[in-house]
Amino acid sequence: MPHTSRIRRLPPIPTPLLLLLLSLLPGMIPTASAATGDGSPSDSNIVYVGRWDKGNASVYRSNWSGAYFRVDFTGTSVKLRLAAAAHVYVSIDGRAETSYPGAVGTINLTPTALASGRHTLRVATREQDLMQFQGVVLDSGASTLAPVPRAKRLEFIGDSITAGCCALSQGALSDYAWLVGEFLNADHTRIAYSGICLQDAFACHSPNGIGMSRQFFKLQTVEYPSSPDWNFSQYQPDAVVINLGTNDQNFGVSDAAFQSTYITFLQNVRARYPNAFIFVLRTFGGFKVVPTQAAVSARIAAGDTKLYYVDTTGWVAVGTSDYSDGLHPSDSGHLKIARFLAPFISKTARWELPFADDFNDGNATGWQTYGGAWSVVNGQLSVGADAGAKALASGTLFSNFTYDADITPGPSGNPGLLFRASRPATGVDAYQGYFAGIDGNQVVLGKANGTWTTLAVAALPSMTGTSRHLRVVAVGSSLKVYVDDLVTPKLSVTDGSYVSGAIGVRTYQAQARFDNLSVRAFSRFESQFQGSFVRHQNSRGRIDHIIFPAEDAEWRVVPGLANASALSLESVNFPGYFLRHRNGEVWLDRDDGSSLFKADATWWRRAGLANSSLLSFECFNFPGYYLRHREGLLYLNAISTSTDRSDATFRE
């Protein structure tokens, strides 16, 4: 007879006893299922940025440097629960970060109660700290809310220079990667580890021989050799920045091996991020430059159309205050890097799209408000008096631009324009960025970072209830404000605190109406050599992938000086100077008012000679002759060959 087993059925264990028994087993403590709004780790209102291990519903663990979470909440207080000690930075309502070294247990983040209402919270790790997050605790009856989505997503890949190492005042939060993300109003992850090489099987300064070419694809750092793979569907960035090679140089990785590994690495990153722009930096110390450039060129030749090499020559200098030692940039050095890199990314990726809203559609769709009662009345955006009401145009991103608006102030207060703004929240100065506004009989320009700083003030004739035209022109650190008279600025200030961000409107204790808002970034023209742009240098027109300063490659496209139906290209950083031809060469010269100059500086916009979806510039006074590059310089030539057509075709 076949063997059969007999199963003895036991009576069911009472539920309370079952829970008690389970609670005695490691890793088996039961938890209540999370509800949206309850502040638990699995609360869907919490936005996690970085590579987080969510395998345990009661404790989410961050990995890699500079990980953070964002969430909004109601009420007047908030507490943070951490299962193990970590150094974290906390920002509430967009204000400056507060440091909590060795934070563990339940930490009261609001020893002084907040005003009742909606608030924002961000908690970030300092460097390679592991945050073991158990949730937030709110007032009775309060709840979390989903935060406003940020405009873009970034990812940074690197070593200690990208991880936030070495004498930085706030670790990862003082690093160029964090600063670029904030300048671009983007969420930003960082896959970086101190001492790591790109090349695998070289220990370098990291604890084992695993290189970034392998560990990038894992959930955890090289401290966890058996880390599971990362699920790349959880975070798809719009742009990736790679800064590797310093440790490979210092530990003797050959150029040939480095180049080969870099080519494969770029190919593998592209496979995970098929739609992202990828920016490969020249290491700030100038290490492994030749094989890095060669790897990028090889991938571009293989068909990667969204890959760019970024030449960082001259951004920071060893032996100056730019560095804290001979290898790692200082706080000020990282800030300089971020001010160069952020606008390069946004312009090259063409994220700075023209914006306009006249509100004639009767709604404010696409505007995110923070405080105040906003509405569209008679084709104008209107708001009642409020202490710091703000409205930002969702998804906008501008660095250098012209911003115009018509503003009708009420009888008191201060309405105006926000620009290069990020991290907005409800509150008077709860944002980072600039504000230009009309305050009775004066115009004021200032900046905010949780607190207000006045930069300049000028007198105006008082015209309460009358529409005023306000214009802001921002070029690098040059900020100019015009009121009604669009020829002579009322205010002209040099300040480089913020280099990029959103645009919007704001009032302080003011009724106001806004209309005819328009913003346009200045133009850049990329040649058929990917990453090389039309620029001026020492007055000569040329194409270059080294754009320093960035404004040398930016142009105001204005009506043609000789024919308003054509166009002229005016330098952004040298107003009154135009790109013109003389003796077959192209130069940047000052408009001398002559009819010859006007003709030489006027161009017809034509469909691209090598690609009709792009553009070419035909000379106004020599028909059939086109602006083209040859050996890096710009010339005026007749066009006959396929090479000529390619060299005369540009992408705006």
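Everything quoted here is computed from the prediction, not taken from an experiment.

Peer 1: An account of the overall build of the protein chain is needed here, citing residue identities and associated values.
Peer 2: Along the protein chain, the regular secondary structure elements total 10 helices and 39 strands. The globule rule puts the C-alpha radius of gyration for 652 residues at 26 Å, and the 28 Å found for the protein chain is close to it. Overall size of the protein chain, expressed as C-alpha extent along the three principal axes, is 105 × 70 × 60 Å. Here the protein chain holds 652 residues, and the buried ones make up 54% of them.

Peer 1: Account for the sheet that holds strand 10 (residues 239-243), naming residues and giving values.
Peer 2: Ordered in space as 9-8-10-11-12, the 5 strands form an open sheet in which the pairing is parallel. Each edge of the open sheet is held by one strand with a lone partner, namely strand 9 (186-192) and strand 12 (307-310). For this sheet, the mean inter-axis angle between neighbouring strands, taken without regard to orientation, is 20°. Taken together, the 4 bridges between strand 10 and strand 11 (residues 277-281) define a ladder with parallel strand orientation. Opposite Val240, over in strand 11, you have Ile278 as the bridge partner. Sitting on the sheet, helix 3 (residues 176-183) touches strand 8 (152-158), strand 9, strand 10 and strand 11, and the angle it makes with strand 9 is about 165°. Running at roughly 160° to strand 12, helix 7 (residues 289-301) makes contact with strand 11 and strand 12 of the sheet.

Peer 1: An account of unusual backbone geometry is requested, with residue identities and associated values reported.
Peer 2: Even without glycine at this site, Arg420 takes up a positive phi of about 50°. With respect to the element layout, Arg420 can be found in strand 19 (residues 414-422). According to the relative accessible area criterion, Arg420 is buried, its value standing at 1%. At Arg423, a position not held by glycine, the phi torsion is positive, near 50°.

Peer 1: Kindly report on the pairing of strand 27 (residues 512-521), identifying the contributing residues and their values.
Peer 2: Of the pairings in the sheet, the one linking strand 13 (residues 355-357) to strand 27 comprises 3 bridges and is antiparallel in character. Bridge pairing in strand 27 places Phe355 opposite Val519. Here strand 18 (residues 401-409) pairs with strand 27 via 8 bridges, running antiparallel. For Asp406, the partnering residue across the bridge sits in strand 27 and is Asp515.

Peer 1: Can you explain the pattern of salt bridges? Please cite residues and give values.
Peer 2: Where charged atoms of side chains with opposite charge meet at close range, the side chains can pair. Per the counting criterion, the structure on display carries 32 salt bridges. With its nearest N and O atoms 3.2 Å apart, the salt bridge here joins Asp322 to Lys336. Remark: Lys336 occurs in helix 8 (residues 331-348) and Asp322 occurs in the loop between strand 12 and helix 8; sequence separation between them is 14 residues. Exposure remark for Asp322: the relative accessible area of 6% places this residue in the buried category. Look at Lys336 and you get partly exposed, because its relative accessible area is 32%. Note that Asp600 and Arg580 form a salt bridge whose closest N and O atoms lie 2.8 Å from each other.

Peer 1: Can you tell me about the sheet that holds strand 17 (residues 389-393), naming the residues and giving the values?
Peer 2: Reading across the sheet, the 7 strands line up as 14-17-26-19-20-21-22 and stay open at both edges, with antiparallel pairing between neighbours. Each of the sheet's edge strands pairs with one partner strand only, and the pair in question is strand 14 (367-370) and strand 22 (452-459). Neighbour to neighbour, the strand axes of the sheet diverge by 20° on average, direction disregarded. Pairing of strand 20 (residues 432-439) with strand 21 (residues 442-449) involves 8 bridges; the strand directions are antiparallel. Pairing of Tyr434 across the sheet is with Lys447, part of strand 21.

Peer 1: Describe the environment of Pro461, listing the residues and the values that go with them.
Peer 2: Among the structural elements, Pro461 can be located in the loop between strand 22 and strand 23 (468-475). Here the alpha-carbon distance between Pro461 and Gln442, two residues 19 residues apart in the chain, equals 7.5 Å.

Peer 1: Tell me about the confidence of the model for the protein chain, and name the residues and values.
Peer 2: Here the protein chain shows a mean pLDDT of 91. Residues at 70 or above account for 95%. Within the model, pLDDT remains below 50 along residues 1-33, and this stretch shows 7 contacts once partners closer than five positions in the same chain are excluded.

Peer 1: I'd like a rundown of the environment of Trp64, residues and numbers included.
Peer 2: Mapped onto the elements of the fold, Trp64 is located in strand 2 (residues 59-74). Measuring from C-alpha to C-alpha, the distance between Trp64 and Trp52 comes to 8.9 Å, with 12 residues separating the pair along the chain. Of note is the side chain of Trp64, whose polar atom sits 3.0 Å from the backbone oxygen of Leu219.

Peer 1: With reference to specific residues and values, describe the packing of aromatic side chains.
Peer 2: Inspection of every chain in the model, using the stated rule, returns 34 aromatic pairs. Residues Phe277 and Phe279 carry aromatic rings whose centres are separated by 6.4 Å and whose planes lie at 20° to one another, so their mutual orientation is stacked. A residue is classified by how much of its surface remains accessible, and Phe277, at 14% relative accessible area, is buried. If you follow Lys306 out to its NZ or CZ, it ends over the ring of Phe277, 4.4 Å from the centre. Cation over ring: Arg506 sits above Phe435, and NZ or CZ is 4.7 Å from the ring centre.

Peer 1: Lay out the nonpolar core in plain terms, naming residues and giving numbers.
Peer 2: Core analysis: the largest hydrophobic core is formed by 72 residues, its most contacted members being Tyr403 and Phe419. A total of 6 residues in this core trace back to one element, the largest contributor, which is helix 8. Excluding its chain neighbours within four sequence positions, the residues that come into contact with Tyr403 are Leu417, Leu418, Phe419, Leu470, Arg471, Val472, Ile503, Gly504, Val505, Leu517, Ser518 and Val519. Core analysis: the next-biggest nonpolar cluster, separate from the first, contains 31 residues, Ile196, Trp230, Val280 and Leu307 among them.

Peer 1: Could you give me a rundown of the side chain of Arg535, with the residues and numbers involved?
Peer 2: Counting through the fold element by element, Arg535 comes out in strand 29 (residues 533-537). For Arg535, a relative accessible area of 1% corresponds to the buried category. At a separation of 2.8 Å, a polar atom in the side chain of Arg535 contacts the side chain of Asp552.

Peer 1: Residue-level account of the state of the cysteines, with values.
Peer 2: Taken as a whole and assessed by the stated rule, the structure comprises 2 disulfides. The partner cysteine of Cys165 in its disulfide is Cys166, sulfur to sulfur 2.1 Å. Disulfide Cys165-Cys166: torsion about the S-S bond near 55°, hence right-handed. Owing to a relative accessible area of 14%, Cys165 belongs among the buried residues under this scheme. Across a sulfur-sulfur distance of 1.7 Å, Cys197 and Cys204 are joined as a disulfide pair. Given an S-S torsion of about -85°, the disulfide between Cys197 and Cys204 has left-handed geometry. Neither Cys197 nor Cys204 differs from the other in exposure class; each is buried. Numbered by position along the chain, the disulfide-linked cysteines of the protein chain connect as 1-2, 3-4.

Peer 1: Describe the packing of helix 6 (residues 255-272) against helix 7, with residues and values.
Peer 2: Two elements in contact, helix 6 and helix 7, have axes separated by 9 Å at closest approach and are oriented at 40°. Regarding the angle of helix 6 to helix 7, the classification is oblique. Considering only the axes of helix 6 and helix 7, their crossing is right-handed. Note on element contacts: helix 7 touches helix 6 through Pro291, Thr292, Ala294, Ala295, Val296, Ala298 and Arg299, opposite Asp255, Phe258, Gln259, Tyr262, Ile263, Leu266, Gln267 and Arg270. For the contact of helix 6 with helix 7, a count of residues per class yields 9 nonpolar, 3 polar and 3 charged.

Each value, and the rule that gives it
Residues numbered from 1 in each chain as written. Predicted model: local features only at pLDDT ≥ 70, side-chain atom pairs only at ≥ 80, totals over all residues. Heavy atoms only, no water. Helix = DSSP H or I, 4+ residues; strand = E, 2+ residues; numbered from the N terminus. Rg over C-alpha atoms; globule rule 2.2 N^0.38 Å. Buried < 20%, exposed > 50% of the residue type's maximum accessible area, 1.4 Å probe, protein only. Pairing = 2+ DSSP bridges. Axes fitted to C-alpha atoms, helices over the stretch in contact; angles between N-to-C directions. Contact = heavy atoms within 4.5 Å. Salt bridge = Lys/Arg side-chain N within 4 Å of Asp/Glu carboxyl O. pLDDT = per-residue confidence, 0-100. Polar contact = N/O pair within 3.5 Å; in protein donor to acceptor, adjacent residues only side chain to side chain. Phe/Tyr/Trp six-rings, centres within 6.5 Å; stacked < 30°, edge-to-face > 60°. Lys NZ or Arg CZ within 6 Å of the ring centre and 35° of its normal. Core = buried A, V, L, I, M, F, W, Y, C linked by side-chain atoms within 4.5 Å. Disulfide = S-S within 2.5 Å. Parallel < 35°, antiparallel > 145°, perpendicular 65-115°, else oblique. Left-handed = near helix turned anticlockwise from the far one by under 90°. Nonpolar A, V, L, I, M, F, W, Y, C, P; charged D, E, K, R; others polar.

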